[in-house]
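# Coordinate analysis (summary)
Below, each chain spelled out in residue letters.
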Amino acid sequence: MDRAGGRVDRGAARGAVATLNGDRSAAARGAGQQMLGRGAVRSDRYLPEVVVTRDSQAPSKQGKLGRNLVLQANYFRLTRAENMCVFQYRIDFEPVIENVGLICALIKTQAPVLGPYIFEGTMLFLYNKLRSEELELQVRDSRTENLYKMRIRHVGTVDMQSTMGLMILNLMQRQAMNSLQLLVMNRHHFDPKAKIAIPQYNLELYPGYITSIRQHERDVLLCVEITHRVLRTDTVYKMLSDLRGSPGAFQKNFQTMIIGSIVMCTYNSKTYRITDVDFNTTPSTSFTKKDGGSITFMQYFKDTYNVTIRDPKQPMLVSTPTMRMQRSGITTPILLVPELCRMTGITDAMRKDFNLMKCIANHTCIGADQRLERLDRFNRRLQETAASREVFNFWKTELDRRAVELPGRVFDNEIVVMSKEVKVGSDSDWTKAFHSNRMFKSIALKRWFVVCEASKQKLVQDFVSAMLKVAPPMGFQLGTPETVIIPNDLPATYYQILEQLANRDPPFIMCLVSNDRADRYRAIKKKCCVDRAIPTQVIKVRTISNPRSLMTVATKVIIQLNCKLGGVPWVTRNPLKDIVILGYDVCHDTRDKSKSYGAITATMFGTDPQDPRQFSCAEQHRKGEELSNFMSAAMTKVLRAYQQVFGPDRLPRRFLLYRDGVGDGQLQQVVDHEVKAIKARLTAAYENYQPHKPQLGVIVVSKRINTRLFSNGRNPPPGTVVDDVITLPERTDFFLVSQSTTKGTVAPTSYNIIYNELGLTTDQIQVYTYRQTLMYYNWCGGVRVPAVCQYAHKLAFLVSQYLFQQPQEDLGKYLYYL
């Protein structure tokens, strides 16, 4: 339990990891309330996931290449009193209380007896030890005058240097945040006093903070990230009422609109994803309480939350417990009242509204200087608010007033190679280089087809003319296409015409569509990726409607077209031969949530380190199924593809896998199973191969992180690497800024080297990783992750959203999914 070496007795450990009671009452289901089992800590989110992947004898993980610079990060040092211990108690009430708010209120009445305390679940953490091992108190609910017996029992002592000590520090920080009168939505705090109203769209924008405390290289650091939450002023009941007056099947329409949405309950500020609507259950429906009595949902909400439900006949919303909830023992559906739920987030229709998105971005897309100023303001608020300052004083901790400073390095300007070398500038954009440079390797396209409606023929002619104009300077041989006119752009029409064209064995087909209608796009891609193996390009009318941007669009389409035929627009300097660079990502099936599609992509090099070849494959797997089986089997396909390209007697020397889509909770699974399965598959494949044995490196890529870096109040330049201070001592990890942005704050990507037998130095791995972020051919610049990861995401997204089955194997050697 305590990997950091602190002392936690068995009772304390059981209290920290016990799950929630699976036998919840229907009342709890109706309120969305999490009921607590014996000895439970209400949530395990405060226990940092400590998966040790760094050997204690490993050499330094700090590199040396590049120009040194001093950076700031959105972290603050947290210092604690030495040898500080916290006393852990178990707390129970008789009769049992289901309302956590009432429990907290009753404990608060005993503050003079308890002194400084932190309460979580059924566990009470005290700075001062009570006078006896077990204490029994009588407490009264001031609102109902009900009496309760509160029993407090000592179960252990927590060393603040331990993992549980970090959990307590997170709870302490949360307590300090609560004293700032912030609104808690799930795990994050939002400031309702600073909310931004957008009345023309019935929206409210709540600014907030994501905080976490963790042991970093030498210090315990508090990470603070600025976030925002979009809430709609309308309730779900308002949506329901509007649909009742609209034509059509109102129940079906309501289900279509609400299922998949995330709502916030007004009585507990928690959010839930809606998975169904129960039209047979209403607030007037009765259920059986834990004590055996019967009560309606209306009465329950009145008694528990003092909330009056006005419409007793409205249907109930259903939310399926998340995996986190299920691990905590919540396995039955959660029922919610539409009248008490507000919609959150923005819909797909809202995302298409340019003015709305611009309005939101004006408030949420804040620059590096503004972000630093807001972090400083937040720190001052914590330090200067009497209640929060009192929390830190109680627990003998101190928060630095300045954001942490740390050393960083910037790699020298990289080179991308086209017909000649082009230096990657500080803006990491080489689009203009194609005006005077040919692509590195081009595949001629003499015969191809364009499918469009008759009314769009003039647009197609103008765009094709632009393509024919930009192609020669880029070194691309492009013939004039044959235009195929269709009567309408319905999915069935495209499906039928593509079937006819497929019989003519076309090397390439371009389709012009009026909008991004999903079923039309699905029909096109299914016909050309599953039924046949034909590279296609789908272009919206809006993309080519502006004459001023036509040449730029044509340039990018030529690059994509060349990639889909097997060409190479550019390469980076690559000193490694006989290497396969792999990327993996997974996306969930939009039709069946129990299914997912994993995609693995590979960039392969033989004896020529400037001649990359591509390979990709996708595989379906069910929820809960180990990915290690698919990944190890995919390695066999990669080896077979390598031999098809470079010769049947050749195998690569090195394999470098960038593993994307891994949360902290999945890291142990990747280390224990996936890496071992891949290694075992490679060992078996090379058993009778004499020239060399395989060398494997696995790097977990995390882009959804809260770390932000600043250089003199601005965004650090592309190629900035950080491998000290804010990295984690149990990992060989580093942060890399690989992209440039003119708006907002740039986000670094975290890389965790979990397995390494490549024989490369830290500097070599870091530089090589940066170069891989410059190899994504859909963008003439650096991207957040290595190109193979972005390719894997594109393929997994295509299969899970549109194809729902494996593409044709013949397409695997092309970047057809761009």
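Residues numbered from 1 in each chain as written. Predicted model: local features only at pLDDT ≥ 70, side-chain atom pairs only at ≥ 80, totals over all residues. Heavy atoms only, no water.

On to the overall build of the protein. Summing up its helical and strand segments, the protein has 21 helices and 38 strands in all. For the protein, the C-alpha atoms occupy an extent of roughly 90 × 70 × 50 Å along the three principal directions. Of all 818 residues assigned to the protein, the portion counted as buried reaches 55%. A separation of at least 24 residues holds for 72% of the contacts in the protein among residues at least 6 apart in sequence. Total accessible area on the protein is roughly 36,000 Å²; 48% of this is exposed by carbon and sulfur atoms. Separation of charge centres in the protein, based on 109 positive and 77 negative side chains, amounts to 3 Å. (Helix = DSSP H or I, 4+ residues; strand = E, 2+ residues; numbered from the N terminus. Buried < 20%, exposed > 50% of the residue type's maximum accessible area, 1.4 Å probe, protein only. Contact = heavy atoms within 4.5 Å. Areas by Shrake-Rupley, 256 points an atom, 1.4 Å probe, with all protein chains shown as cover. Lys, Arg positive; Asp, Glu negative; His and termini not counted. Charge placed at Lys NZ, Arg CZ, Asp CG, Glu CD.)

The 3 strands lie next to each other as S24-S23-S29, forming an open sheet whose pairing is antiparallel. Each of the sheet's edge strands pairs with one partner strand only, and the pair in question is strand S24 (421–423) and strand S29 (571–572). (Pairing = 2+ DSSP bridges.)

This paragraph deals with the packing of aromatic side chains. Aromatic ring pairs are defined here through the distance separating the ring centres and the angle between the ring planes. A complete count under the given rule lists 25 aromatic pairs for this structure. Seen in terms of ring centroids, Phe734 and Tyr751 are 5.1 Å apart; in terms of plane orientation they differ by 15°. Their pairing is stacked. Here Phe734, found in strand S37 (residues 733–737), pairs with Tyr751, found in strand S38 (residues 749–756); they are 17 residues apart in sequence, far enough to count as distant. Residue classification places Phe734 among the buried residues on the basis of a relative accessible area of 2%. The buried category is assigned to Tyr751, whose relative accessible area is 0%. Of the aromatic side chains, those joined through ring pairs into one cluster are Trp430, Phe434, Trp570, Tyr776, Tyr777, Tyr791, Tyr816 and Tyr817. (Phe/Tyr/Trp six-rings, centres within 6.5 Å; stacked < 30°, edge-to-face > 60°.)

Backbone torsion omega between Glu94 and Pro95 reads 0°, so that peptide bond is classified as cis. You can see Pro95 is positioned in the loop between strand S3 (85–94) and helix H3 (100–108). Positioned with a positive phi, Gln181 is a non-glycine residue whose angle comes to about 60°. Structurally, Gln181 can be placed in the loop between helix H5 (163–178) and strand S8 (183–185). On the basis of relative accessible area, Gln181 is assigned to the exposed category, the value being 53%.

Once that is clear, we can look at the side chain of Ser711. Here Ser711 is to be found in the loop between strand S35 (709–710) and strand S36 (720–722). Residue contacts for Ser711: discarding those within four places in its chain leaves Leu69, Leu71 and Pro716.

This paragraph deals with helix H20 (residues 762–772). With respect to burial, H20 is a largely interior element, 9 of its 11 residues being buried. If you check which residues of H20 are buried, you get Asp763, Ile765, Gln766, Val767, Tyr768, Thr769, Tyr770, Arg771 and Gln772.

With that settled, the discussion passes to the confidence of the model for the protein. Across the protein, pLDDT averages 87, with 93% of residues at or above 70. Across residues 1–46 the pLDDT falls below 50, and counting only partners more than four positions away or on other chains, this stretch makes 151 contacts in the model. (pLDDT = per-residue confidence, 0-100.)

Here Leu340 lies in the loop between strand S19 (334–336) and strand S20 (341–344). Take Leu340: its relative accessible area is 6%, and that puts it in the buried class. Along the primary structure Leu340 and Val484 are separated by 144 residues, whereas in three dimensions their C-alpha atoms are 54 Å apart. Residues within four places of Leu340 in sequence aside, it is in contact with Met264, Cys265, Thr266, Tyr267, Phe301, Val307 and Ile309.

As a further point, take the nonpolar core. Core analysis: the biggest nonpolar cluster contains 91 residues, and Trp430, Phe463, Met467, Trp570 and Tyr658 have the highest contact counts within it. In terms of residues, this core owes the most to one element, helix H21 (residues 787–803), which gives 10 residues. Judged by nonpolar contacts, the second largest core, of 39 residues, contains Leu166, Leu375, Phe378 and Trp395. (Core = buried A, V, L, I, M, F, W, Y, C linked by side-chain atoms within 4.5 Å.)

Take the pairing of strand S33 (residues 654–659) next. Within S33, 6 of the 6 residues are buried, leaving the element largely enclosed by the surrounding structure. Along S33, one buried face is formed by Arg654, Leu656 and Tyr658 and the opposite face, lined by Phe655, Leu657 and Arg659, is buried too. Judged from the 6 bridges that link them, strand S30 (residues 579–588) and S33 form a sheet pairing that is parallel. Paired with Val580 across the strands is Phe655, a residue of S33. As paired strands, S33 and strand S34 (residues 695–702) are joined by 6 bridges and run parallel to one another. Residue pairing across strands places Arg659 opposite Val700, the latter belonging to S34. Taken together, S33, helix H19 (residues 667–685) and S34 constitute a β-α-β crossover, and its handedness is right-handed. (Right-handed = clockwise from strand over helix to strand, strands pointing away.)

The topology assignment puts Asn752 in strand S38. Beyond its immediate stretch of four places on either side in the chain, Asn752 contacts Thr53, Leu667, Val698, Ile699, Val700, Arg731, Thr732 and Asp733.

So, about the pattern of salt bridges. Pairing of side chains with opposite charge becomes possible as their charged atoms draw close. Under the criterion given, the structure shown has 41 salt bridges. Note that Asp723 is salt-bridged to Arg409, the shortest N-O span being 2.6 Å. Residue Asp723 is located in the loop between S36 and S37, and its partner Arg409 is located in strand S22 (residues 405–410); the two are separated by 314 residues in the primary sequence. For the pair formed by Asp723 and Arg409, the shared burial category is buried. Notably, a salt bridge pairs Glu482 with Arg504, separated by 2.9 Å at the nearest N-O pair. Of this pair, Glu482 sits in strand S26 (residues 482–486) while Arg504 sits in the loop between helix H15 (491–502) and strand S27 (509–513); the two residues are 22 residues apart in sequence, bridging distant segments of the chain. Overall, the relative accessible area of 35% leaves Glu482 in the partly exposed class. If you follow the salt bridges from partner to partner, you end up with Glu94, Glu134, Glu136, Lys149 and Arg151 in one network. (Salt bridge = Lys/Arg side-chain N within 4 Å of Asp/Glu carboxyl O.)

At a closest axis distance of 8 Å, the pairing of helix H18 (residues 627–646) and H19 adopts a crossing angle of 30°. For the element pair H18 / H19, the angle class is roughly parallel. Seen from above, H18 lies across H19 with right-handed handedness. Contacts between H18 and H19 involve Leu627, Ser628, Met631, Ser632, Ala633, Met635, Thr636 and Leu639 from the former and His673, Glu674, Ala677, Ile678, Arg681, Leu682 and Ala685 from the latter. Of the residues in the contact of H18 with H19, the class split is 9 nonpolar, 4 polar and 2 charged. (Axes fitted to C-alpha atoms, helices over the stretch in contact; angles between N-to-C directions. Parallel < 35°, antiparallel > 145°, perpendicular 65-115°, else oblique. Left-handed = near helix turned anticlockwise from the far one by under 90°. Nonpolar A, V, L, I, M, F, W, Y, C, P; charged D, E, K, R; others polar.)

Pairing geometry for strand S1 (residues 67–73) and S22, over 6 bridges, is antiparallel. Within S22, the residue paired with Gln72 across the bridge is Glu405. In the sheet, S22 pairs with S36 via 2 bridges, with the strands oriented antiparallel. Bridge assignment links Arg409 to a residue of S36, and that residue is Val721.

Where H15 contacts helix H16 (residues 518–531), the two axes come as close as 8 Å, and the packing angle between them is 20°. What the angle tells us is that H15 and H16 run roughly parallel. By crossing handedness, the relation of H15 to H16 is classed as right-handed. Contact residues: H15 offers Pro491, Tyr494, Tyr495, Leu498 and Glu499, while H16 offers Asp519, Arg520, Ala523, Ile524, Lys527, Cys528 and Asp531. In the contact of H15 with H16, the residues fall into 7 nonpolar, no polar and 5 charged.

The terminal C-alpha atoms of helix H12 (residues 368–384) lie 24 Å apart, and with 17 residues this matches the ideal 24 Å at 1.5 Å per residue to within 8%. Along H12, the positions that sit buried rather than exposed are Ala368, Arg371, Leu372, Arg374, Leu375, Phe378, Asn379, Leu382 and Gln383. (Expected span 1.5 Å × (residues − 1).)

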